[in-house]
Amino acid sequence: MAEIKPFCCVRPAAHLAARVAALPYDVYNREEAKKEVQREPLSFLKIDRAETSFADSVDTYAPEVYEKAKELLEKDIADGVYVTDEDRAYYIYQLVMDGRSQTGLVACSSVDDYVNNVIKKHENTRADKEVDRITHVDTCSAQTGPIFLAYRSNEAINKITNKYIKTEPLYDFTARDGVSHRVWKISKAEDVECIYRAFQEIDRIYIADGHHRAASAVKVGLKRRRENAGFTGKEEFNYFLSALFPHDELMIMDYNRTVRDLNGLTQDEFMEKVSEKFAVKESDVPVAPDQKGVFGMYTGGKWYRLTARPQLFEGKDAVGSLDVSVLQDELLGPVLGIGDPRTDSRIDFVGGIRGLEELERRADNDMCVSFSMYPTSIDELFDVADNGLLMPPKSTWFEPKLRSGLFIHKI
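Let me sum up the structure you'll find in this document. (Residues numbered from 1 in each chain as written. Predicted model: local features only at pLDDT ≥ 70, side-chain atom pairs only at ≥ 80, totals over all residues. Heavy atoms only, no water.)

### As for a negative patch on the surface
A cluster of acidic side chains, namely Asp268, Glu269, Glu272 and Glu276, defines a negative patch on the protein surface. Its place among the elements puts Glu276 in helix α10 (residues 267-277). (Patch = residues over 30% accessible without salt bridge, like charges linked within 9 Å, V, L, I, M, F, W, Y side chains within 5 Å. Areas by Shrake-Rupley, 256 points an atom, 1.4 Å probe, with all protein chains shown as cover. Salt bridge = Lys/Arg side-chain N within 4 Å of Asp/Glu carboxyl O. Lys, Arg positive; Asp, Glu negative; His and termini not counted. Charge placed at Lys NZ, Arg CZ, Asp CG, Glu CD. Helix = DSSP H or I, 4+ residues; strand = E, 2+ residues; numbered from the N terminus.)

### Thoughts on empty space enclosed by the protein
For the structure on display, the rule yields 3 cavities of 30 Å³ or more. Arg133, Val137, Thr144, Gly145 and Arg213 are the residues nearest the centre of the largest cavity, which is lined by 16 residues in total. Elements with a contribution of two residues or more to the lining of the largest cavity: α6 (127-140), α9 (211-227) and β12 (239-246). Size it by volume and the second largest cavity reaches roughly 40 Å³. Taken together, Arg257, Val324, Gln328, Leu332, Pro341, Phe349, Pro392 and Pro393 make up the lining of the second largest cavity. (1 Å grid on protein atoms, 1.4 Å probe; cavity = no way out; pocket = protein on both sides within 12 Å on 5 of 7 lines; lining within 4 Å. Points joined across faces, edges and corners; volume = space filled by probe spheres on them.)

### A short note on the side chain of Lys5
Counting through the fold element by element, Lys5 comes out in strand β1 (residues 4-5). Setting aside its immediate chain neighbours within four residues, Lys5 contacts Arg88, Tyr90, Ala107, Cys108, Tyr196, Glu236 and Tyr239. (Contact = heavy atoms within 4.5 Å.)

### Notes on the pattern of salt bridges
One pass over the structure, following the stated rule, counts 39 salt bridges. Across the pair Glu71 and Lys68 runs a salt bridge whose closest N-O atoms are separated by 3.2 Å. Pair noted here: Glu71 and Lys68 are both in helix α4 (residues 63-78), with a separation of 3 residues, about one helical turn. Residue Glu71 is classed as partly exposed on the basis of its relative accessible area of 43%. Asp138 serves as the salt-bridge partner of Arg224, at 3.1 Å between the closest nitrogen and oxygen. Here Asp138 lies in helix α6 and Arg224 lies in helix α9, a separation of 86 residues in the sequence. Each of the two residues, Arg224 as well as Asp138, counts as buried. (Buried < 20%, exposed > 50% of the residue type's maximum accessible area, 1.4 Å probe, protein only.)

### Here's the deal with the nonpolar core
Counting residues in each nonpolar core, the largest one holds 66 residues, and the members touching the most others are Phe270, Leu306, Leu331, Leu332, Leu336, Phe371 and Phe407. The contacts of Phe407, once residues within four sequence positions are left out, are Cys9, Val10, Tyr91, Tyr93, Val106, Gln143, Thr144, Val183 and Leu241. With 31 residues, the next largest nonpolar core counts Ile92, Tyr164, Ile202 and Ala215 among its residues. (Core = buried A, V, L, I, M, F, W, Y, C linked by side-chain atoms within 4.5 Å.)

All quantities given are derived from atomic positions and should not be read as evidence of function.
Here it is, written out as structure tokens:
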């Protein structure tokens, strides 16, 4: 059973929500973050990336940067940029992009559920990438960006959500990127209890996106347990901020690949080797794969439709049968020499939101060959996690991105 609990939320004043809401901290490099904060001084990015308050000579991870984040957060709370709800509540968070909506709940998930694998993972994390967020959360005593979780759709939860989204929202704004954001608060005692009990009947929750942020939040919670020998398990540091979406609300986009060279092969030699494993057909138009086992390939100014031969999927487990695995195991590795896509500098990854034109541009300029992918499905993600396996890097791209700063959980 999952413990998904309501919480006392720190959130923007309604008239400032659109100005505060920011894309996740890791979307920006330092220069981009500084420009965004200069454009919008209320952006939560100034807290998420507090190095924007310092000269470039100051290290991004210097202790004073995290102290500045704490200072800025506390000042904005004192100045009324944020309000603190005194009652424990769930929050409905709806995002609309290109006419398609996804609606979930913002709540707090249990550190113990993460440790005990009720909350399932499908990616490894790197300790060096966790340190920044561990320090940020611990210094600010606040979790500021919700972890993106998914669960199998539940009728009882859906019924309550559908009731509230017909009412007036707390927030309703459209961000500069065209994504609309709406938030409703669920604080009525019987509805809160119903949602809590419904999640207790759900035995598996899945991390969709944000493995490093989740691991960081959990490690802060475990650190505070060690520092508080008499902890009861009910303290706020035993829970972490989450946005939970039913599986049928989510869309995973393609996560495409582009490679710098043909690994010493001529164009003809390369095409011959590709043809050994894939049926190859030249295309007059860019290829956006329309089914599993189909790939687009752009090289030499031409698009090709590649169809994996059926035997490539035979006897494969939940990971091996993913399209990203088939491409890696049958083409990128043996033909193009990409041994470890996590570390090989000859490969780059292009989120589907960038479009096929970006794959063409890269292959025509700094790279040599690009591949468009059929998106990994949410069921495939669940299957990998249920089997205790790990996905290859860059297997899923979720859009739209959850905003930071709309919901803050003080620990």
